[in-house]
Amino acid sequence: MYSPSLLATINCSIGNKKNHISIQDLCDLFNEKKVLNELDKYVIDIIQKEATKEELTTFKKNYKITTKQLKYILSINPY
């Protein structure tokens, strides 16, 4: 699969390249990962504040993310 623009938006906001996330990390987050570390919380914050509707829609479609999963991520209070 291709690298979605949502991943690029997230990784551009993470200054340290050693902390960049992968597609699998992002998919795991949408699959209601129960224990969130600080990087997960930061990624969720980026998704909520910086991701465009188009990025979310495209990611949802191409990676088989359900509306419920998307709403889950958008509803979390990461901090």
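Above this text sits the structure in question.
Cut-offs and rules
Residues numbered from 1 in each chain as written. Predicted model: local features only at pLDDT ≥ 70, side-chain atom pairs only at ≥ 80, totals over all residues. Heavy atoms only, no water. Salt bridge = Lys/Arg side-chain N within 4 Å of Asp/Glu carboxyl O. Helix = DSSP H or I, 4+ residues; strand = E, 2+ residues; numbered from the N terminus. Buried < 20%, exposed > 50% of the residue type's maximum accessible area, 1.4 Å probe, protein only.

K.L.:
Got a minute to help me understand the pattern of salt bridges in this structure?
P.N.:
Side-chain pairs of opposite charge can arise where the charged atoms are in close proximity. Under the criterion given, the structure shown has 2 salt bridges. Across the pair Asp-45 and Lys-49 runs a salt bridge whose closest N-O atoms are separated by 3.2 Å. Remark: Lys-49 and Asp-45 occur in helix α3 (residues 38-50); sequence separation between them is 4 residues, near one turn of the helix. Of the residues examined, Asp-45 reaches a relative accessible area of 15% and is grouped as buried. Since its relative accessible area comes to 63%, Lys-49 is described here as exposed.

Keep in mind that these numbers describe shape and distance, not what the molecule does.
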